[in-house]
Amino acid sequence: MNKGKVILLNGVSSSGKSALSKILIQKLPNYFHLSIDDYDTIIDRMENRESGQLIPVPTEHFFHRTIAMFSDKGVNLVVDQILHNNDTTIDCYATLKDYPVVFVGVHCPVEELERRELERGDRTIGQAKAQLQYVHQQGEQYDFKIDTSESMDNSINELVRVIMEEAEFRGWENTINLYNKSESSMG
Ligand SMILES: Nc1ncnc2c1ncn2[C@@H]1O[C@H](COP(=O)(O)OP(=O)(O)OP(=O)(O)O)[C@@H](O)[C@H]1O
């Protein structure tokens, strides 16, 4: 069985990953959206935070492996993630290195990120800007980049077109190779 494709959207908080995912699954009927927020909901229900009964495993561990399980069964996914530190990045790359990932960078200027944070009211102001110190700074070789502060119609249509055409995507493999090289050169 062929592995399902994984369209992995990487961008800071408020960059517009969820909104973009919703548009993509409307345009790609054979794709499903799996969000890390879904895991937060599950774990929030299972844990009893008041009594300190906590699951001692990062949410991302489950998230990355679930993506792999769906793909193993041929299910195509749109997933959104913030590769915001080394632990998350290493786990994501290690778990999904042999999977057909289409790596998409979701970008947005800082002023617009801060405007969205204010508007949302449930996000720490400055969180997105702080994440930008790491996100998109690790030599990510995106197959596709989208700026959500601009009109996105053309870039979304182009992304959908190349996915439907089953184009070859090398960004994920190149990114992981680069990352591994820089890690090994640092000893
Ligand atoms: N293209 C856009 N134009 C204008 N506003 C947008 C756009 N995309 C998203 N937003 C707004 O920005 C806010 C954050 O969007 P969204 O939830 O999609 O971001 P996210 O990257 O998934 O954030 P988080 O990682 O914090 O969940 C929402 O209030 C949404 O309405």
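An unreviewed UniProt entry annotates the protein chain as AAA family ATPase originating from Fictibacillus barbaricus.

## A short note on the overall build of the protein chain
Tallying secondary structure elements over the protein chain gives 8 helices and 5 strands in all. Along the protein chain, helices (α) and strands (β) appear in the sequence β-α-β-α-α-β-α-β-α-α-β-α-α when read from the amino end. Viewed in the frame of its principal axes, the protein chain has a C-alpha envelope of about 50 × 40 × 40 Å. For the protein chain, the residues scored as buried account for 29% of the 187 residues in total. The contacts of the protein chain with a sequence gap of at least 6 include a subset with a gap of at least 24, amounting to 80%.

## Describing the site of the ligand
The immediate surroundings of the ligand are formed by 15 residues, with S13, G16, K17, S18 and A19 found nearest. For the shell around the ligand, the secondary structure elements donating two or more residues are α1 (17-27) and α5 (110-120). Residues that form the shell around the ligand fall into these classes: 3 nonpolar, 7 polar and 5 charged.

## Examining the sheet that holds strand β5 (residues 144-147)
With parallel pairing, the 5 strands of this open sheet are ordered in space as β2-β3-β1-β4-β5. Of all the strands in the sheet, just β2 (31-35) and β5 have a single pairing partner and so form its edges. Within this sheet the neighbouring strands show an average axis-to-axis angle of 25 degrees, counted without direction. Judged from the 5 bridges that link them, strand β1 (residues 6-10) and strand β4 (residues 101-107) form a sheet pairing that is parallel.

## Let's talk about the confidence of the model for the protein chain
Reading predicted coordinates in detail is not appropriate for stretches of low pLDDT. Across the protein chain, pLDDT averages 95, with 99% of residues at or above 70. For this predicted complex, the interface confidence reaches an ipTM of 0.98, while the overall pTM sits at 0.95.

## Quick look at helix α8 (residues 171-185)
With 15 residues, α8 should cover 21 Å at 1.5 Å per step; its first-to-last C-alpha distance of 21 Å lies within 8% of that length. Here α8 has its buried residues at W172, T175 and I176. In an axial view of α8, the angular spread of the buried residues amounts to 95 degrees, which keeps them on one side of the axis. Facing away from the buried surface of α8 by more than 90 degrees, the exposed residues are K181, S182, S184 and S185. Looking at the packing, one finds that the buried side of α8 touches α4 (86-96) and β4.

## A few points about the packing of helix α3 (residues 59-72) against α4
Axes are the key here: two packed helices are described by the angle between their axes and the distance separating the axes. Packing of α3 against α4 brings their axes to within 9 Å, and their N-to-C directions diverge by 20 degrees. Here α3 is positioned roughly parallel relative to α4, judged by the angle of their axes. Considering the relative orientation of α3 and α4, their crossing is right-handed. On α4, the residues touching E60, H61, H64, R65, I67 and A68 of α3 are T88, D91, C92, T95 and L96. When its residues are assigned to classes, the contact of α3 with α4 shows 4 nonpolar, 4 polar and 3 charged.

## So, the pairing of β4
Within β4, 7 of the 7 residues are buried, leaving the element largely enclosed by the surrounding structure. Across the two faces of β4 the burial is the same, with V101, F103, G105 and H107 and V102, V104 and V106 all buried. Note that β4 and β5 share 4 bridges and pair parallel. Bridging across to β5, G105 finds its partner in K145.

About the criteria used
- Residues numbered from 1 in each chain as written.
- Predicted model: local features only at pLDDT ≥ 70, side-chain atom pairs only at ≥ 80, totals over all residues.
- Helix = DSSP H or I, 4+ residues; strand = E, 2+ residues; numbered from the N terminus.
- Buried ≥ 20, exposed ≤ 12 C-beta atoms within 10 Å, placed from the backbone.
- Contact = placed C-beta atoms within 7 Å.
- Near = placed C-beta within 6 Å.
- Nonpolar A, V, L, I, M, F, W, Y, C, P; charged D, E, K, R; others polar.
- Pairing = 2+ DSSP bridges.
- Axes fitted to C-alpha atoms, helices over the stretch in contact; angles between N-to-C directions.
- pLDDT = per-residue confidence, 0-100.
- Expected span 1.5 Å × (residues − 1).
- Arc of directions from axis to C-beta.
- Parallel < 35°, antiparallel > 145°, perpendicular 65-115°, else oblique.
- Left-handed = near helix turned anticlockwise from the far one by under 90°.

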